[in-house]
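Results of the structural survey
Each chain, written out:
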Amino acid sequence: MKKIKILKAAVISFALLIAFTGVAYADNGASKFTDIDNSWAKQHIINVFNKGLMGGYSETEFKPGDYVKNYDALVSISRMINREKDINLEQLEEEYQVNVLDKFNVPAYARDGIRICLSEGLISEYDLIVFRDAVYATRLVIAKYIGTAFGVKYDENKPPVALPFLDTYSIPSIYKPHVKFLIDNGIINDKGDAGKFNPDVFIDRASFAKMLDIASTAYERKERGEDITADSGSPEIIWTDYAEPISIDTDSDTDTDTYTDTEPAVVVEDDEPADVTAYVDQVIPEYGNLAVFVGTERRVYRLADNVECTIDGVPEGFWKLE
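Residues numbered from 1 in each chain as written. Predicted model: local features only at pLDDT ≥ 70, side-chain atom pairs only at ≥ 80, totals over all residues. Heavy atoms only, no water.

This part takes up the packing of aromatic side chains. Under the defined criterion, the tally for this structure stands at nine aromatic pairs. Arranged with centres 5.8 Å apart and planes meeting at 65°, the rings of Tyr-67 and Tyr-136 form a pair that is edge-to-face. Residue Tyr-67 is located in the loop between α1 (42-50) and α2 (70-85), and its partner Tyr-136 is located in the loop between α5 (125-130) and α6 (139-149); the two are separated by 69 residues in the primary sequence. Residue classification places Tyr-67 among the partly exposed residues on the basis of a relative accessible area of 42%. Exposure remark for Tyr-136: the relative accessible area of 34% places this residue in the partly exposed category. (Phe/Tyr/Trp six-rings, centres within 6.5 Å; stacked < 30°, edge-to-face > 60°. Helix = DSSP H or I, 4+ residues; strand = E, 2+ residues; numbered from the N terminus. Buried < 20%, exposed > 50% of the residue type's maximum accessible area, 1.4 Å probe, protein only.)

Let us look at the confidence of the model for the protein. Mean pLDDT over the protein stands at 75; residues scoring 70 or higher make up 66%. Ranking the elements of the protein by mean pLDDT puts strand β2 (residues 236-241) last with 29 and α6 first with 96. Note that residues 1-25 has pLDDT below 50 and, in this model, 86 contacts with residues that lie over four places away or in other chains. Counting contacts from residues 230-269, a segment whose pLDDT is below 50, to residues more than four positions away or on other chains yields 95 contacts. (pLDDT = per-residue confidence, 0-100. Contact = heavy atoms within 4.5 Å.)

As structure tokens, this is what we get:
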């Protein structure tokens, strides 16, 4: 009789806690914009205008549907930072004027903001080179800018960051902590566009106003010393064996792996390690593959056709492990 150890797969995951917070600000002039009355982001536009974070394209137009330029986004984020820190711009001017601002022909209106962003590490000189051709900001770079403003960093020694989007594979690992931070703080939601983040899509001014409004409120809390640090941990998949190995009898020389347990199971030989902890890296629904990290080793497993996934007691599609 041959003994086979049957390992049950228990999935431990986390729930994305999204707390949408918004502060309504009195309209101190934003109503002069004639093109925001029908915008879903009207209140956010009013809020960021009154906070001094964003202005209009003209005295009467905000242009909520236009794409955000990289320089404009950075100016707004720099205002969010400087609103709380009161950074000495004269000192920064001496540091960056000739070597950087003049060298890369930074527009006059953006120079104060770019000084702050350079000093705070939001961008580097390389980004200023990129801006010559990449005028508009994508969703990914906005996530990078805002996350970095809050001190979010990529740590290669931490478990891979899990995201709920179908296209999470197209988000570079170094930016996943930034995206997760935005989700955890309600700056973006975990639904995306039909489940996708679309990192290379340009972001419009209305969407950016909403993100900036919520982010600036969170930044004020951060500067007051409140803990808003988002955990960058990932869902865990932990394999543990039964209390006793299950013995399977067979009368033939060819063993038949038959058992009646209805739980999804992993079958290994006796000489395999019984306990494995892995961190989800990627789920590929169309191929039914699950990629995980076991320590620093990346492994890809083919999921059984009858695999079942439960997250916090609720049956879910296994792709949500991302």
